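Chain residues, written in single-letter form:
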Amino acid sequence: MKTDILNILFSFSFFSILGWVLEVTYRSVRDKRFVNPGLLNGPYLILYGTGALILMGAVSLFQESHLITKALAYFAATTGLELISGFIARYFFHVRLWDYSDQRFHYKGHISLKFSIYWILLAFAFEYLISPPYQGILNQLAPVVKGVFAAVTLSIMLVDFLTVSINHFLSLTPKEKTLLETQFIDTARPLLELPEVAKLSQYNHHRGKTRLEHVKEVAYLSFLWGKRLSLDSEAIVRGALLHDLFYYDWLHEGPRLHGFRHHNIALKNAREITLLTKKEEDIIKKHMWPLTVVPPRYMESLVVSLVDTFCSARDYLSVKKQDKHAKAVAGCVGSESGDKQK
């Protein structure tokens, strides 16, 4: 199989969806009710997309091998992927996507001999029944069709994954929530009280959001990630609040190639209203990476860049479920700073 990047992305997307259909059918028939499997909310399973790519590689490597060698290779590939995925879901997301504890010869409920045999049989079916016609269809599809399908599917999957990750990793106890909100407000207030920053409330930025609402959301989510990763939270908050400090409706006016230029405009404006550390400057300048080409110098910059991308994609994909912590703190900070501006 031609292993160019477009085919890889298309195949991952296609088999993630096909695997979801397979799992939904199996589990729904078994449980006599509709079951939406997997960690994410949409109609795709990353495990199957990843497994398909691994099997494609294994089929290519062991095409001329003995049947037993193939079986062992498929066993290692499929069961190994299932074991790793089970551990990731259990110990990072605190959920069990499947449980083989009621099966004989299982290992911590993540894998079992019975289902390992099923996966080997499915791998042979993939090699002889699925891969040949799929390869023919893949070669016939126009690159633009594969590109659009992969881009749309992967964008939705990314937003879905980040949403689930945020809900799990950033879940807070009431005590933690109160403490972190207080820290965030104390850090953000000096900048939010500046008229140059408050002015951002006059500009629409994304669907249904002003620029001020956007930078506060990015700042708070980045702040939470920074706390979880033991990063410089003050630099994260200040850099994130100033990352879109420009004063025009970028959808209808402003310089050409806005996406490639506005980070420099924001950095220039930020320097005029406050002193910036090197880290804060890097956060502002690199928040559009990889459009900025030069990668972030600091982990704090990378966090803000990823969160900004996530928030922007979520806004335009109309995912209505907003982060409750971000909304609560944004409202709290907004009301406090707003009162002082009057």
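Residues numbered from 1 in each chain as written. Predicted model: local features only at pLDDT ≥ 70, side-chain atom pairs only at ≥ 80, totals over all residues. Heavy atoms only, no water.

**Describing the overall build of the protein**
Okay, step 1: When helices and strands are counted, the protein shows 13 helices and 4 strands.
Okay, step 2: Within the protein, the fraction of its 342 residues that count as buried is 44%.
Okay, step 3: Long-range contacts, defined as pairs at least 24 residues apart, comprise 66% of the intrachain contacts of the protein with a sequence gap of at least 6.
Okay, step 4: For the protein, the accessible surface area stands at approximately 18,300 Å², while carbon and sulfur atoms represent 64% of it. (Helix = DSSP H or I, 4+ residues; strand = E, 2+ residues; numbered from the N terminus. Buried < 20%, exposed > 50% of the residue type's maximum accessible area, 1.4 Å probe, protein only. Contact = heavy atoms within 4.5 Å. Areas by Shrake-Rupley, 256 points an atom, 1.4 Å probe, with all protein chains shown as cover.)

**Comments concerning the side chain of serine 312**
Okay, step 1: Mapped onto the fold, serine 312 is located in helix α12 (residues 299-316).
Okay, step 2: You can call serine 312 buried: its relative accessible area is 16%.
Okay, step 3: When residues no more than four places from it in sequence are discounted, the contact partners of serine 312 are His206 and His214.

**A word on the nonpolar core**
Okay, step 1: Residues Phe184, Phe223, Leu241, Leu242, Leu245, Ile284 and Val307 are the most contacted members of the largest nonpolar core, which totals 37 residues.
Okay, step 2: Counting only elements with at least two residues in this core, the list comes to α5 (143-169), α6 (174-192), α8 (211-228), α9 (233-242), α10 (258-273), α11 (278-285) and α12.
Okay, step 3: In terms of residue count, the dominant contributor to this core is α8 (9 residues).
Okay, step 4: Setting aside residues up to four positions removed in sequence, leucine 242 forms contacts with Leu191, Val197, Ala266, Ala270, Ile273, Thr274, Leu276 and Ile284.
Okay, step 5: Residues Phe15, Leu55, Ala58 and Val59 belong to the second largest nonpolar core, which totals 14 residues. (Core = buried A, V, L, I, M, F, W, Y, C linked by side-chain atoms within 4.5 Å.)

**Observations regarding a nonpolar patch on the surface**
Okay, step 1: Side chains of Phe105, Leu113, Ile117, Tyr118 and Leu121 sit close together on the surface and give an oily, nonpolar patch of about 530 Å² of accessible area.
Okay, step 2: Mapped onto the secondary structure, phenylalanine 105 falls in the loop between α3 (67-92) and β1 (106-107). (Patch = residues over 30% accessible without salt bridge, like charges linked within 9 Å, V, L, I, M, F, W, Y side chains within 5 Å. Salt bridge = Lys/Arg side-chain N within 4 Å of Asp/Glu carboxyl O.)

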